[in-house]
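Chain residues, written in single-letter form:
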Amino acid sequence: MKTITDLSRIKEPFPNAVVTLGNFDGVHLGHREIFHHVIDKAREADGTAIVFSFHPHPLKVLAPGRELKLLNTYDEKVRLVAASGIDVLICPTFTREFAAMRPEQFVHDILVERIGARRIVVGYDYRFGRGRQGDADFLEQLGCRLGFEVDVLSPISRDGVIYSSSRIREMIACGEVDQVVALLGRQYNLEGQVVHGDHRGRELGFPTANLVTEKEMLPAPGVYAVKARHGRRLYDAVVNIGRKPTFEGSTQTIEVHLLGFEGSLYGERLRIYFFRRLRPEKKFSGVDSLIEAIRQDVAHAREVLKNERVIGYREYLRRER
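Residues numbered from 1 in each chain as written. Predicted model: local features only at pLDDT ≥ 70, side-chain atom pairs only at ≥ 80, totals over all residues. Heavy atoms only, no water.

A. Representation of the overall build of the protein chain within the structure. Per the secondary structure count, the protein chain includes eleven helices and 14 strands. A total of 321 residues make up the protein chain; the buried ones form 49% of that total. For the protein chain, contacts bridging at least 24 residues in sequence account for 74% of all contacts bridging at least 6. Surface summary for the protein chain: the accessible area is close to 16,100 Å², and the carbon and sulfur share equals 46%. With 48 positive and 43 negative side-chain charges, the protein chain shows a spacing of 1 Å between the two charge centroids. (Helix = DSSP H or I, 4+ residues; strand = E, 2+ residues; numbered from the N terminus. Buried < 20%, exposed > 50% of the residue type's maximum accessible area, 1.4 Å probe, protein only. Contact = heavy atoms within 4.5 Å. Areas by Shrake-Rupley, 256 points an atom, 1.4 Å probe, with all protein chains shown as cover. Lys, Arg positive; Asp, Glu negative; His and termini not counted. Charge placed at Lys NZ, Arg CZ, Asp CG, Glu CD.)

Rendered as structure tokens:
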């Protein structure tokens with residue numbers, strides 16, 4: 001997949017471009033179906049399947065005071081879009097100048113003239129341009145004048161559940177990491193670098209890797225059964241997200257205990273895949289009570305994870321026949 005972050009680098013329109021527009025945070029199962037539609041229409045026309053998005057998310061620029069925690073980092077979104085089979089990802093920097101563009105100017109100057117859109121694919125509730133004045137009906141009217149077709153997709157769902165980035169955020173915020181797979185299509189995960197912590201885990205008999213991550217959306221504080229990838233190895237693991245109230249902690253940390261691992265991980269990167277929340281964060285009466293709880297957490301995690309596997313990017317992006 002070709003990734004373009006500067007529109008000036010597009011020197012000529014793409015052949016028979018089929019373009020979908022959106023933020024695509026999470027690249028969930030609904031997004032997957034949109035991508036499949038774009039790819040199908042592009043192949044029928046011997047054209048180019050294109051995703052047009054922005055970075056950062058427009059609300060980060062237009063409403064910086066609003067707390068919006070994204071499901072993906074930018075690099076994760078690029079990897080997921082690429083794995084879906086899209087030919088080109090166009091992801092320019094979102095600015096207030098972009099936000100001020102009239103919808104017709106954006107469509108004519110950028111989508112049609114620069115990119116060469118012959119078909120535009122959007123969701124039923126997609127809006128764009130200054131004051132969010134542009135919508136699906138507006139696109140269809142412009143399409144008649146400018147010579148492109150518009151596909152407006154209905155809400156994508158299964159068993160009555162609509163795939164939604166907002167709903168996924170709500171579930172993760174509640175710690176429902178096992179339930180989110182039905183919407184996301186894969187386990188929620190995060191990647192981070194191992195840094196030095198307070199070394200208390202080793203003193204308790206359960207050494208942990210202290211992770212620092214760029215991921216904004218973290219599951220609710222608590223203890224989780226996870227799998228952790230280090231290089232090519234995958235380990236069953238337990239992760240604690242929280243402030244360690246037993247020790248009067250004030251800073252939220254992500255601490256991972258890899259089952260069966262021995263050695264140092266400082267400076268290394270881990271990716272952890274969430275399978276189930278084992279319990280909420282709790283303040284214990286003392287160290288002995290905490291150690292016993294950790295033993296139970298480890299035993300519970302082993303039981304939860306023994307028949308589980310990680311759903312890979314390509315597996316969840318694969319079209320079901």
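B. Fine view of the sheet that holds strand E13 (residues 253-258). Spatial ordering of the closed barrel is given by E9-E10-E13-E12-E11-E14, a layout of six strands whose pairing is antiparallel. Here the average twist between neighbouring strands, direction ignored, is 45°. Inspection of the sheet shows strand E10 (residues 209-213) paired to E13 by three bridges, in the antiparallel sense. In the strand pairing of E13, Ala-209 is matched with Val-256. In the packing of helix H10 (residues 287-305) onto the sheet, contacts are made with strand E11 (222-230), strand E12 (233-242), E13 and strand E14 (269-280), and the angle to E14 comes to roughly 105°. (Pairing = 2+ DSSP bridges. Axes fitted to C-alpha atoms, helices over the stretch in contact; angles between N-to-C directions.)

C. A look at the pairing of E14. In this sheet, E14 lies alongside strand E9 (residues 189-195) in antiparallel orientation, the contact comprising five bridges. When the bridges of E14 are listed, Gln-193 appears paired with Arg-269.

D. Inspection of the pattern of salt bridges at higher detail. In the structure shown here, the tally under the stated rule is 19 salt bridges. Among the salt bridges present, the one from Asp-25 reaches Arg-169, with a minimum N-O distance of 2.6 Å. Separated by 144 residues along the polypeptide, Asp-25 in the loop between strand E2 (17-21) and helix H1 (29-44) and Arg-169 in helix H7 (residues 165-173) bring together distant segments of the chain. For the residue pair Asp-25 and Arg-169, the accessibility class agrees, reading buried in each case. Ionic pairing is found between Asp-236 and Lys-227, a salt bridge with its closest N-O pair at 2.5 Å. The class of Asp-236 is partly exposed, set by a relative accessible area of 24%. (Salt bridge = Lys/Arg side-chain N within 4 Å of Asp/Glu carboxyl O.)

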